[in-house]
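Structural features, examined
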Amino acid sequence: MNRRTLIKIKLYMKKKLLLGILFFVLISFHIKAQDFPQKFEKEFCTCLSGKTNYTDETFKTCSYEVMSKLQKDFENFHNSTANKNRDDFMKDLMIRLINNCDPFYIHMADVKKTGMDKFRNDYKEISIDSLKNKFTETKLLSDYWEIANWYFAHNENEQAERMYKEILKNEPDQIEAAYMLGALYDELGKYKEAKVLYDKVYKSTGNIQYRLYSEMDLKKVNNN
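From a predicted model like this one, the values you see are computed outputs, not experimental measurements.

Focus on unusual backbone geometry
- Even without being a glycine, Lys139 presents a positive backbone phi close to 60°.
- Structurally, the position occupied by Lys139 is in the loop between α8 (128–138) and α9 (141–153).
- The backbone phi angle of Asn155 is positive, close to 65°, even though this residue is not glycine.
- By the secondary structure assignment, Asn155 is in the loop between α9 and α10 (157–170).

Encoded structure:
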């Protein structure tokens with residue numbers, strides 16, 4: 001299936017996510033403290049709170065500053081976590097930061113918004129008639145999905161929602177439609193519905209970005 005639009009969003013998000021930055025910093029310092037997650041979370045968020053511009057470089061700088069400060073606390077980590085998957089460790093850390101560190105949450109929300117703005121811009125020069133004509137010729141689900149994306153990009157939400165639901169009715173495991181419907185529900189303030197869809201995509205792909213979006217929506221639900 002043609003995944004052009006979702007791939008663009010996914011690649012942009014993946015580039016901006018901080019998992020790689022934090023993971024690199026942690027490996028560089030050879031983590032060795034059982035209580036490191038809680039200490040790092042607190043110190044990292046304190047560092048971010050003192051900044052005014054949340055960029056990738058800001059997060060990288062705070063990561064190094066905090067790791068330098070906590071390095072003496074790492075002596076027992078290697079033995080106690082020798083068999084722990086480091087990817088899981090980093091995912092858990094990012095989820096804690098979403099829930100407990102407002103600057104991190106704000107940055108991730110901005111990253112998500114920037115990705116959606118880019119998605120909308122990609123459809124500015126495309127006419128709905130050309131997409132409909134193509135689908136008439138091919139009858140491919142990928143081309144039907146493109147029409148739904150066009151409606152979403154142009155804020156014709158009822159049409160987009162109807163079409164994404166139709167795709168999922170026929171193909172329940174169609175991850176692209178599930179993600180886009182989740183993003184649509186996010187913008188409509190239907191956070192519970194969006195969370196369910198993000199969880200579905202995360203379960204299928206294992207990509208941490210969707211788990212983070214799910215946690216962001218859960219936080220919105222709990223704060224309402």
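That covers the picture; the talk isn't over yet.
Side note on the packing of aromatic side chains
- Following the criterion strictly, the structure yields ten aromatic pairs and no others.
- Here the aromatic rings of Phe152 and Tyr164 are separated by 6.5 Å at their centres, their planes lie at 85°, and the arrangement is edge-to-face. Taken as a pair, Phe152 in helix α9 and Tyr164 in helix α10 lie far apart in primary sequence, twelve residues in all. The same class applies to Phe152 and to Tyr164, which are both buried.
- An aromatic cluster is present here, built from Phe119, Tyr123, Phe152 and Tyr164 joined pairwise through their rings.
- Directly above the ring of Tyr213 sits Lys112, whose terminal nitrogen or CZ lies 5.3 Å from the centroid.
- Here the basic side chain of Lys219 rests over the ring of Tyr105, its NZ or CZ set 4.8 Å away from the ring centre.

Some remarks on helix α11 (residues 175–188)
- With 14 residues, α11 extends 20 Å from end C-alpha to end C-alpha; this agrees with the ideal 20 Å at 1.5 Å per step.
- Within the span of α11, buried status applies to Ile175, Glu176, Ala177, Ala178, Tyr179, Met180, Leu181, Gly182, Ala183, Leu184, Tyr185 and Asp186.
- Two or three places before Glu176, at the start of α11, stands the capping residue Gln174, its side-chain oxygen 3.3 Å from that residue's backbone nitrogen.

Some words on the packing of α9 against α10
- Running from amino to carboxyl end, α9 crosses α10 at an angle of 155°, the nearest separation of the two axes being 7 Å. Judged on the interaxial angle alone, α10 and α9 are roughly antiparallel. Helix-helix and strand crossings are classified by hand; for α9 and α10 the assignment is left-handed. Contacts between α9 and α10 involve Leu141, Tyr144, Trp145, Ile147, Ala148, Asn149, Tyr151 and Phe152 on the former and, on the latter, Asn157, Gln159, Ala160, Arg162, Met163, Tyr164, Glu166 and Ile167.
- Tallied by class, the residues present in the contact of α9 with α10 amount to eleven nonpolar, three polar and two charged.

Details of the confidence of the model for the protein
- On average, the protein scores 81 in pLDDT, and the residues at 70 or more come to 76%.
- Here residues 7–16 is modelled with pLDDT under 50, and outside its nearest four sequence neighbours on either side it reaches 22 contacts, counting other chains as well.
- Every residue in residues 27–34 scores below 50 in pLDDT, and together they form 28 contacts with partners more than four places removed in sequence or on other chains.

About the cut-offs
Residues numbered from 1 in each chain as written. Predicted model: local features only at pLDDT ≥ 70, side-chain atom pairs only at ≥ 80, totals over all residues. Heavy atoms only, no water. Helix = DSSP H or I, 4+ residues; strand = E, 2+ residues; numbered from the N terminus. Phe/Tyr/Trp six-rings, centres within 6.5 Å; stacked < 30°, edge-to-face > 60°. Buried < 20%, exposed > 50% of the residue type's maximum accessible area, 1.4 Å probe, protein only. Lys NZ or Arg CZ within 6 Å of the ring centre and 35° of its normal. Expected span 1.5 Å × (residues − 1). Polar contact = N/O pair within 3.5 Å; in protein donor to acceptor, adjacent residues only side chain to side chain. Axes fitted to C-alpha atoms, helices over the stretch in contact; angles between N-to-C directions. Parallel < 35°, antiparallel > 145°, perpendicular 65-115°, else oblique. Left-handed = near helix turned anticlockwise from the far one by under 90°. Contact = heavy atoms within 4.5 Å. Nonpolar A, V, L, I, M, F, W, Y, C, P; charged D, E, K, R; others polar. pLDDT = per-residue confidence, 0-100.

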